[in-house]
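# Secondary and tertiary structure notes
Chain residues, written in single-letter form:
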Amino acid sequence: MERIAYATEEMARLWRNPSVRRLATLLFAVCAAAVLLVWGYIGYTSDRLRQDWLAQQAAILGRLAAESPEEAPRLARLLAHPERLSPEELAQGRELAAQYGLTEELEASLTPIVGKNRLRNGLLLSGGVLVVFGILALLLLREYRRELTTVRKLALSLENAVKHNVPMKFRLYGEGEIGLLANQAQELAIRLQQTIGQLRRDKLFLKDTVAEISHQLKTPLSSLAVYTDLLLEGAVEPATAREFLETCRRQLDRMEWLIQSLLKIARLEADALPLQLRPAPLGETIEQALDAIRRLAEERGVRIVLDESAAEPVSVPHDPRWLAEAIANLLKNAVEHSPAGSGSPVRIRLERTPVFLRLHVEDSGPGIDPKHLPHVFKKFFRASRSGSGVGLGLPLAKTIAERHGGMLTASLPEGGGTRFSLTLPLHPLPSPGSDETYESVSPDKGEL
Amino acid sequence: MKGYAVLSGRYLKQQRRRTALTVVGIVLSVALISALLTMGQALKDNTLAKEIRENGSFHFAYTQPDPGLYDRLKGNALIGKVGRLRSGAETPVGETYKLFVEQADEDAFALLPIHLNTGRLPQSPDEVVIEEWIAERLPGHPKLSDTVTLNGPDGRPFGYRLVGILENGVSTQMQRTSRAFTLLTEPAASPSAGQSDQLFAAFRDGVDISSHLPEFEKLDRPFATNQNVLALMGESADRNLNQVLTIIFGTLVGLVVISTVAVIYNAFHISVLERIRQFGLLRTIGATPRQIRHLVFREASTLALIGIPLGLAVGWGGLWLVLWLMIQSGFQILQMESFHLTFHWWIMGLSVGVGIAAVFAAAWLPARKAAKVSPVEAVKGAGSIVRESYRRARLPSPLRLLGVEGRMASSNIRRNRTKFRITTFSIIVSVMLFIVFHYFTQETFKMTVDQTENTKIAFELTRYVTLTAGETDQNGADAGVPDIVDAKQRERIAGLAGVEGVYGRYDLPSPSAIVPDKLLNPEFTRVSRLQFPQVSGDGKAQSSEVPVNLQLYDDGMFAKAARFLDSGTVDPEKLEAEGGVLLIQTVKPYNEDAGKKEILPLSRYKTGDVLTLYFGDQPGNAKTVRQVKIAGILSQSPFDSAYQPSALTVIGTKSTVAGLLEAAPADMRPFGTAMMGLSVALKDGADSEPVREALEKIAADIPGGQLVNIVDRQKQERQFALQMQIFVYGFLIVIGLIGSLNIMNTVQTNLLLRRREIGLLQAVGMTMGQIRKMASAEGIWFGVIGSFWGLLLGGALSYFLFKELSGIQGMPFEFPWGGALIACVFALGVGLLSVQGPLRKMARSNLIEELREDT
Amino acid sequence: MDVIQAENLCKVYGAGSTQVEALKDVSFSVQQGEFVAVVGASGSGKSTLLHLLGGLDRPSSGKVRIDGEDLYGLKEKERAVFRRRKIGFIFQSYNLIPVLSVEENIQLPLLLDHRQPDKAYIADLIRTLGLDQRRAHLPSELSGGQQQRVAIGRALAYRPAIVLADEPTGNLDSANGREVIELLKLAVRQFHQTVIVISHDMNVAAEADRILRMQDGRLIEDSRGGVRA
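Residues numbered from 1 in each chain as written. Chains lettered and ligands numbered in written order. Predicted model: local features only at pLDDT ≥ 70, side-chain atom pairs only at ≥ 80, totals over all residues. Heavy atoms only, no water.

## What about the sheet that holds strand 3 (residues 35-40) of chain C?
Residues and elements named next belong to chain C. In spatial order, the strands read 6-7-8-3-9-10; together these six strands make up an open sheet with mixed pairing. Looking at which strands have only one partner, the edges of the open sheet turn out to be strand 6 (87-90) and strand 10 (218-224). Neighbouring strand axes in the sheet, compared pairwise and without regard to direction, differ in orientation by 20 degrees on average. When strand 3 meets strand 9 (residues 210-215), the two strands line up parallel, connected through five bridges. Of the residues in strand 9, the one forming a bridge with Ala-37 is Ile-211. (Pairing = 2+ DSSP bridges. Helix = DSSP H or I, 4+ residues; strand = E, 2+ residues; numbered from the N terminus. Axes fitted to C-alpha atoms, helices over the stretch in contact; angles between N-to-C directions.)

## Here's the deal with the packing of helix 3 (residues 102-112) of chain C against helix 5 (residues 144-157) of chain C
All names here are of chain C. Across the interface, helix 3 lies against helix 5 with an axial gap of 7 Å and an inter-helix angle of 30 degrees. Here helix 5 runs roughly parallel to helix 3, going by the angle between their axes. Remark: the crossing between helix 3 and helix 5 carries right-handed chirality. Contacts between helix 3 and helix 5 involve Val-102, Asn-105, Ile-106, Pro-109 and Leu-110 from the former and Val-150, Gly-153, Arg-154 and Ala-157 from the latter. Looking at side-chain class alone, the contact of helix 3 with helix 5 contains six nonpolar, two polar and one charged residues. (Parallel < 35°, antiparallel > 145°, perpendicular 65-115°, else oblique. Left-handed = near helix turned anticlockwise from the far one by under 90°. Contact = heavy atoms within 4.5 Å. Nonpolar A, V, L, I, M, F, W, Y, C, P; charged D, E, K, R; others polar.)

## Looking at the sheet that holds strand 13 (residues 499-506) of chain B
Residue and element names in this part refer to chain B. A sheet is described by the order of its strands in space; here four strands give the open sequence 13-26-12-27, paired in antiparallel fashion. On the outer flanks of this sheet lie strand 13 and strand 27 (705-709), each paired with one strand and no other. The average undirected angle you get between the axes of adjacent strands in this sheet is 20 degrees. Running at roughly 145 degrees to strand 13, helix 16 (residues 487-495) makes contact with strand 12 (457-463), strand 13 and strand 26 (675-682) of the sheet.

## Section: the interface of chain B and chain A
Each partner contributes residues to the interface: chain B has 11 residues there, and chain A has nine residues. Carbon and sulfur atoms supply 35% of the area buried between chain B and chain A, which totals about 710 Å² over both sides. Counting the surface chain B buries against chain A, the share from its top three residues, Gly-75, Arg-204 and Arg-290 of chain B, is 53%. Between the two partners, chain B and chain A, sit zero salt bridges. Applying the counting rule to chain B against chain A returns two residue pairs in polar contact (both at pLDDT 80 or more). Among the elements of the structure, helix 3 (69-75) and helix 11 (289-328) of chain B are those that each provide at least two residues to the side of chain B that touches chain A. Counting residues per element, the side of chain B that touches chain A draws most heavily on helix 3 of chain B, which supplies three residues. (Buried area = accessible area lost by both parts, 1.4 Å probe. Salt bridge = Lys/Arg side-chain N within 4 Å of Asp/Glu carboxyl O. Polar contact = N/O pair within 3.5 Å; in protein donor to acceptor, adjacent residues only side chain to side chain.)

## A few points about a nonpolar patch on the surface
Residue and element names in this part refer to chain A. A grouping of Tyr-44, Leu-119, Leu-123 and Leu-124 is seen on the molecular surface, where their side chains present a nonpolar patch of about 430 Å² in accessible area. Per-element accounting of the nonpolar patch gives the leading share, three residues, to helix 5 (residues 112-164). The residue Tyr-44 is located in helix 2 (residues 18-67) in this model. (Patch = residues over 30% accessible without salt bridge, like charges linked within 9 Å, V, L, I, M, F, W, Y side chains within 5 Å. Areas by Shrake-Rupley, 256 points an atom, 1.4 Å probe, with all protein chains shown as cover.)

## Here we look at the interface of chain A and chain C
Each partner contributes residues to the interface: chain A has 39 residues there, and chain C has 40 residues. Summed over both partners, the interface of chain A with chain C buries about 3,700 Å², with 55% contributed by carbon and sulfur atoms. Taken together, chain A and chain C are joined by four salt bridges. The shortest N-O distance in the salt bridge between Glu-175 of chain A and Arg-84 of chain C comes to 3.1 Å. Linking chain A with chain C are 13 residue pairs in polar contact (both at pLDDT 80 or more).

This is how it looks when you write it as structure tokens:
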């Protein structure tokens, strides 16, 4: 049963090729023509045979009629009704005929009727077969040439596309095997272009990152240089020296934080850090983030409230360490922009749809200025000076969200304040295939 | 899912109802085609077999051949069998019967219609076979192996051994002359003086008979062919019959095919229209036009795969069932002893081929249409609005008279010309099919079935009367001739169980009529090439002398004539009172030119005219001339032959005829108005045995009386008529079904497609009743237009068929009013009814659901 | 890299007094990976533009190039195959095949191309779309939001280079609508696709990287950057 199904599938696949269809029509037409011709010929040749045979018998009758008139009608009757002859008569007749050399060994050339027939048949049929096959061969050749020319064109076009990194000039859109090959070749060429483009972008990105890092480091570095120089000079009092050293320490911290964040973002954006996405309870991750921010919140006197929706146990595929960091960044931002006092807490709210899980961090602070909204996730962007950090927290959180197959958006809700929405798919989109081109340095640690 | 082609199966499943209807349509059509062809072929086969049985299987014969011809024929390569028949001397049996012993050789026994009842054929010149009925009358009532003394070929008595009993022939009984057969062994070359053997010859199998007949015709005269058998084989010199039959059956099958194609085309077209958005959607996803066509054709294939084998089974099985039922109820199929329903591969193949071709032809256009759908059309939304072109002036539709509903109906129809045309097309085809089939079957029925009362007559009491010269009574009739049975006995016979009627037979002279030339039909003269002798009756107008067949009917017979009354009255009392007669002026002469018989009127008399009759050959002699008033005109004779070849028929009551006979010379009317014979008609299904016994007794009492037993024949005739009717009406019912199916399918889907529109109308404020009125108006309009065109085309096609049928037998063309009326009423009715169903469904459904766009 | 190039597109319907110029000389190009919104009032020509970009209708004049291929230089059959492999459509009225289940509807483009669908991939896709419980159901048994997600699945099954969406949120409530748009954005990012969305809903437009504004058949504004982050 499966064999039949398989066989029919094979047939169907073959039939989808236009060349196969053309070939089939061709063969069918030639076959039909050949059969018709053969039929016609057979009719013609048997007619001739009959005529020749009748002529011979008539001649015999004529001679017999002249010599022994009473025998002639009998012979005629026998010729007219050969079914009346019996096998014994046949045997007898053969004996008699043998005496005259009329046996089966008699050469065909000596029996004029048969000889002529054989010659005629032989010549015409062989000739006919030759002609038919000749035509068939020509047509088949033409078909093959057509197919092969297409293949050749495709090959040349692909070669050109690869060499010069341009789209293919000759393209084919069709069903059948050649169409499939052409499609894959065309996709290959496009993919190639895209990959090269991507590589260029990656190079550019790297350049930009390096430039950013060096730019951001320039200030603290020069600051450090100045203070170190001053201390080296020695013309500094111990108290001031201590101050200087503390400043240097601060700058160093800042540089460390900067480099770490930048590298983190860079690695994430360049897809160099594969996240371990495992279904895990989100509640724990939120707890982790809360732990990180508790001290800051207490210092600032801002309350963080977990909505009852967040209390529900929910599981979503994510990397808890990274996601906790992202949530922590959001909370930090919210806390830093919230007024003190328990009257306006920072809320964490969960929203669930059939496809997504949304985690909302809402503060009731002044809210982001709408004209700053599009830029809030840009690196080093700081809407106000009221936050610590270098303006990398939100971009990092966004990148982490995107690596989770989700997204991070900021909006201004009706009641005022700011809302950050972290959207995660309950089941990540299937990956289009291995996109990893880099070896990860260390999959588990987020360090250099 | 294995491939996208699964879609076609799913679509079919979704539209279960429409799929089922379409499959039923295919099944019915294929069944009809195969049944028609099988029936036709079987009829032909069996008729041929019957004809061969009655006339023999020889192809041609020489009645007075030259002596050497036998040898020449025997030795001819083309000839298979040659039989010799030598006639013999007469042997009288009893006073009234004769017997001839004929000699036939082996081949002759094979070629001639000689059928054994029991025993075997003679194998030596001492043995003989004789007919059953004469065996009973021979002295000694011989049985098998007895010796029978009959006059041999030389005229002298010879004791033959009886080795076989032959079946009874009808004509031999009627003519009271029987034939017995013995073996002919003398060689052909030496016939006795004055005798020549008749030669019967048959060609070998495979010989083209018609092309070789002429050369054999030249060999010797007189030459005769086995006309009927050859004609049925299609080999007669006159190829007319076969050609005509092919054309007729071809037309009928063609019509059924067209109807099938129409049914399937409709179903497909509408199904495609319904899903046009889906097909457009498939195109947006990237299906090529070819793939869409493939889907539609796959649907068609599935339907064909289910429908065609089922159709074959139903057609074949249905026929078998009907025939089996008939045999069970004691019928003989169409007068044939053994009716074989042969399974012809070519019929099955043809039905399958036609079915497949029809399905695919029907699916082709819709497939193309589906493939051509522009993807945008599908995506844009439910249907595009067709703008009316204001260029052409339009005839206002009468629908507008029906108020706002009518106006809407008329606009709807106008807007959607294509759908309108599809719907009406199917109605037209259905109506046409019905009319043509009805016409054809009625005409064939008339042609092949004897519609006179003769089919009921099972027994004839006759007698052989010798005239004694002299005694005449005041009527001039021979006083010594009483009625064959007196009135009391006649009553008794009429009262027997199973007897339907008793009719008297009279032996009347034939007068002539003086018919003014202006009342003669010139067509008749042209067709028959008969020139009636001119007569100057009144001295004024030119008149012709036309032979007249005079008939005497008693009361019961007039009642039977009522069926055929064209004008006037058949009431015997009125006829008595006025001294009037009934006239039959439609005749059936043989048309030499066309080689067939034709039915046409001989004269153009009207009721109330006066007819001048005279007896003898002196039209001028006032004593022999009588005038009668024509009180009624019949279209054909209710008894005996329906039509005379070239004579008028005048029917009168006893007294009227008696009055007429006075004008005849005495020697012309020896029996006067005495009843010479009695025909006894049996009711259908009556037991004939008791009647036969009773009549035998009566016949024994009548001097010179004899009972002719034609019960079997009569039964066959009646059954033939009945069976023809069953088949005819069966076919008509199936055709009616197909037609109704077609109409129903189309009209309903038409409505269902406009669900949204109707929902809109409801939202605007139209009540369901108004909508129903509108839809009904549309339905009626479809019916009217469809009926109109169907009538026209049906009539035209019927006329075409009439032309073909006239090739077999000439007849007047009667427009099939009956069939047309039924068809039209039916079409209107079905159209109207099929509108109600979907409307009711729509009334129940939610308005908002309807308004939303369908996916 | 230019995935879509529209050059001087014009579309005229009807003739004579009832002529309508749906598009007048529209030109623009779209890079790979962009999420473009086309906005405008009814009758501004947005849908016509989308249909032309997808090869559904013929322009009266002008060219459409996708991945460098002149769409209307191809034959009808070639265009169908091109559409099958390279363009995914999402409509306002979902336009699912009613006789096929969810899974079958999603697989349809692959089957039309006579390919065997990657079962694992399709299963993954269905789970992501949140339709795992309904994979064997018919469209008539689904809600509007679910049906549109099936449509998205179908548009993503072959991972076409371009996804064209005509008012995808038009028949949905705001929650479902938001979900649809977010799914599209994710898909763009994940599969490196390009999406063009027509909408009159400004929230949708706000999600886009780029907004093309149409009016009376002309392209009157081509702005970058969303209002929202």
